[in-house]
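Listed here are the chains, written in short residue letters.
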Amino acid sequence: MTCEELLRLINELVDGELDLNLAECQEFAEHLAKCNPCQVVVDNIRQTIQLYRAGEPFPLPREFQARLLASLRRRWQERFARESESSSQASGS
Amino acid sequence: MDSRTGETLGAKPIAAGSDEVADLVARARSGDFEAFQEIVLRYQSRIYTFARRLLGNDADAEDVTQETFLALLEHLDQYRGEGPLLSWLLRIAANEVHRLWRRQNRQVAQADATEEEDSISQLPRPEFIAPWRDDPQQLLLRRETATLLDQALAELPEKYRAVFVLRDIEGFSTEQTAEMLGLSVANVKVRLLRARLMLREKLTRYFGDPDQRVSPDHPHT
């Protein structure tokens, strides 16, 4: 197995979804055990994913926060006004 | 950890919905705006961050966040509580992002029949190969790390960034990611591999130890 061939299987390795037959598995493990650059690349990718998963969210811009809640409140009032209108029409008919 | 939502950004959204959220939804359905507002406050930064990462700018992320919560307001009755509310909201947000891309005629969600083959033969080759000086836990304590992560992600071509955000940051499966982006599973896998390799290259240039750098051209014994 070459480094390039291993590179193509990195997703499966990192995601724990490696589906190889016994001979391929052995070849893969042998390459990884002997090839320090490939080990480092695999580690780097795992660390990259770990960092992004644990990253902080973007702060919501303050003026947007106010705008968002105001628009939702407006729509909420419209919706419930609509509903109470149609239910009073239904009970009146 | 987001102090306002009490959630970890990277936590997979496929976790059980809490009783507290179920109670808020029930109250909101019966017309309690305070309960609805509580739901918005709880999830707004997750949705905004998701949209901001996919779209790369504040204005579009704000539009998508607003449309997502307006859709929640209109379709609250359709949420059956079968999965966590956050997953449901992220799916709505992904639809909104998709709509925006289509409106702007962007190629992000366009499947490419030749992509799988091309990408396998032309994967980005690791150039800067070095162990990192610090582990991710230590890196996260540094103020500049968040900026570097955002910058590296923003520099990725949009079509790779979208797959990475959905699959690796938000924890959707390959199949769900394919469905949300209107791509084939094969396309998603190839784009994810390229995204991971590109981000690894960028981050290792920041965080890698140059003294321990190894050559990409190395002999095998």
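All of these numbers come straight from a predicted model, not from anything done at the bench.

Looking now at the overall build of chain B. Summing up its helical and strand segments, chain B has 10 helices and zero strands in all. The buried share of chain B, taken over its 221 residues, is 39%.

Here we come to the overall build of chain A. Along chain A, the regular secondary structure elements total five helices and zero strands. Along its sequence from the N terminus, chain A presents helices and strands in the succession α-α-α-α-α. The C-alpha radius of gyration of chain A comes to 28 Å, more than 25% above the 12 Å expected for a compact globule of 93 residues. In terms of its C-alpha atoms, chain A occupies a principal-axis envelope of roughly 80 × 35 × 15 Å.

Residues and elements named next belong to chain B. Residue position: Arg133 is located in the loop between helix 5 (115–121) and helix 6 (136–140). For Arg133, a count of 14 C-beta atoms within 10 Å corresponds to the partly exposed category. For the pair Arg133 and Pro210, spaced 77 residues apart in sequence, the C-alpha separation works out to 9.0 Å.

So, about the environment of Pro124 of chain B. Residue and element names in this part refer to chain B. Relative to the helices and strands, Pro124 resides in the loop between helix 5 and helix 6. The sequence separation of Pro124 and Arg196 amounts to 72 residues, and the corresponding C-alpha distance is 9.9 Å. Among all residues touching Pro124, those that are not within four sequence positions of it are Arg194, Leu197, Met198 and Glu201.

Here we take up the domain arrangement of chain A. Once the domains are mapped, chain A shows domain 1 (3–53) and domain 2 (60–93). Taking only C-alpha atoms into account, the centre of domain 1 of chain A sits 52 Å from that of domain 2 of chain A.

Now for the interface of chain B and chain A. In this complex, chain B contributes 49 residues to the contact, which on the side of chain A involves 37 residues. Those elements that provide at least two residues to the side of chain B that touches chain A are helix 2 (33–55), helix 3 (58–75), helix 6, helix 7 (143–155), helix 8 (158–169) and helix 10 (185–207) of chain B. With 10 residues, helix 2 of chain B is the single largest residue contributor to the side of chain B that touches chain A. Here the side of chain B that touches chain A is built from residues that sort into 27 nonpolar, 13 polar and nine charged.

In low-pLDDT segments, the atomic positions of the prediction should not be examined closely. Residue and element names in this part refer to chain B. Taken over all residues, the pLDDT of chain B has a mean of 85, while the share at 70 or more is 84%. Segment residues 1–16: pLDDT under 50, and 35 contacts once partners within four positions in sequence are set aside and those in other chains are kept. Taken over the whole predicted complex, pTM reads 0.83, whereas the ipTM for its chain interfaces reads 0.82.

Another point: the packing of helix 9 (residues 174–181) of chain B against helix 10 of chain B. Residues and elements named next belong to chain B. Running from amino to carboxyl end, helix 9 crosses helix 10 at an angle of 105°, the nearest separation of the two axes being 9 Å. On the basis of their axis angle, the class for helix 9 and helix 10 is roughly perpendicular. Residues Thr174, Glu175, Thr177 and Ala178 of helix 9 form the contact with helix 10, whose participating residues are Val185, Val188 and Lys189. Across the contact of helix 9 with helix 10, the residue classes tally to three nonpolar, two polar and two charged.

With that settled, consider the packing of helix 3 of chain B against helix 4 (residues 85–103) of chain B. How two helices pack is summed up by the angle between their axes together with the distance between the axes. Residues and elements named next belong to chain B. Closest axis-to-axis distance for the helix 3/helix 4 pair is 9 Å, and the angle between their directions is 130°. Comparing their axes, helix 4 and helix 3 come out oblique. Regarding helix 3 and helix 4, the two cross each other, and that crossing is right-handed. For the pair formed by helix 3 and helix 4, the contact residues are Asp60, Val64, Glu67, Thr68, Ala71 and Leu72 on the first element and Leu89, Ile92, Ala93, Glu96, Val97 and Leu100 on the second. By residue class, the composition of the contact of helix 3 with helix 4 is eight nonpolar, one polar and three charged.

Moving on: helix 8 of chain B. In terms of residue burial, helix 8 of chain B counts as a mostly covered element, since 11 of its 12 residues are buried. Turning to helix 8 of chain B, its buried residues are Lys159, Tyr160, Arg161, Ala162, Val163, Phe164, Val165, Leu166, Arg167, Asp168 and Ile169 of chain B. Those residues of helix 8 of chain B that are buried lie in contact with helix 4 (36–53) of chain A together with helix 2, helix 7, helix 9 and helix 10 of chain B.

Quick notes on the rules
Within every chain, residues take consecutive numbers counted from 1 along the sequence as written. Written order decides the labels, with chains lettered from A and ligands numbered from 1. Where totals are concerned, whole chains, interfaces and linings use all residues; where local detail is concerned, this predicted model gives features only for residues with pLDDT of at least 70, and gives and counts side-chain atom pairs only at 80 or more. Counting from the N terminus, the helices are DSSP H or I runs at least four residues long and the strands are E runs at least two residues long. With C-beta atoms placed from the backbone, a residue is buried if 20 or more other C-beta atoms are within 10 Å of its own, exposed if 12 or fewer are, and partly exposed between those counts. Each radius of gyration is computed over the set of C-alpha atoms, and the globule rule expresses the reference value as 2.2 Å times the number of residues to the power 0.38. For the purpose of contact definition, each residue receives a C-beta atom placed from its backbone, and two residues are in contact when these atoms lie within 7 Å. For the purposes of this description, domain bounds are those given by an automatic or database domain assignment. Each residue gets one of three labels, nonpolar for Ala, Val, Leu, Ile, Met, Phe, Trp, Tyr, Cys and Pro, charged for Asp, Glu, Lys and Arg, and polar for the others, Gly among them. For every residue, the predictor states its confidence as a pLDDT score lying anywhere from 0 to 100. In this analysis an axis means a line fitted to C-alpha atoms, helices contributing only their contacting stretch, and an angle means the value between N-to-C directions, from 0 to 180 degrees. Put simply, angles under 35 degrees are roughly parallel, angles over 145 are roughly antiparallel, angles from 65 to 115 are roughly perpendicular, and the rest are oblique. Should the near helix be turned counterclockwise from the far one by less than a right angle, the crossing is left-handed, whereas a clockwise turn marks it as right-handed.

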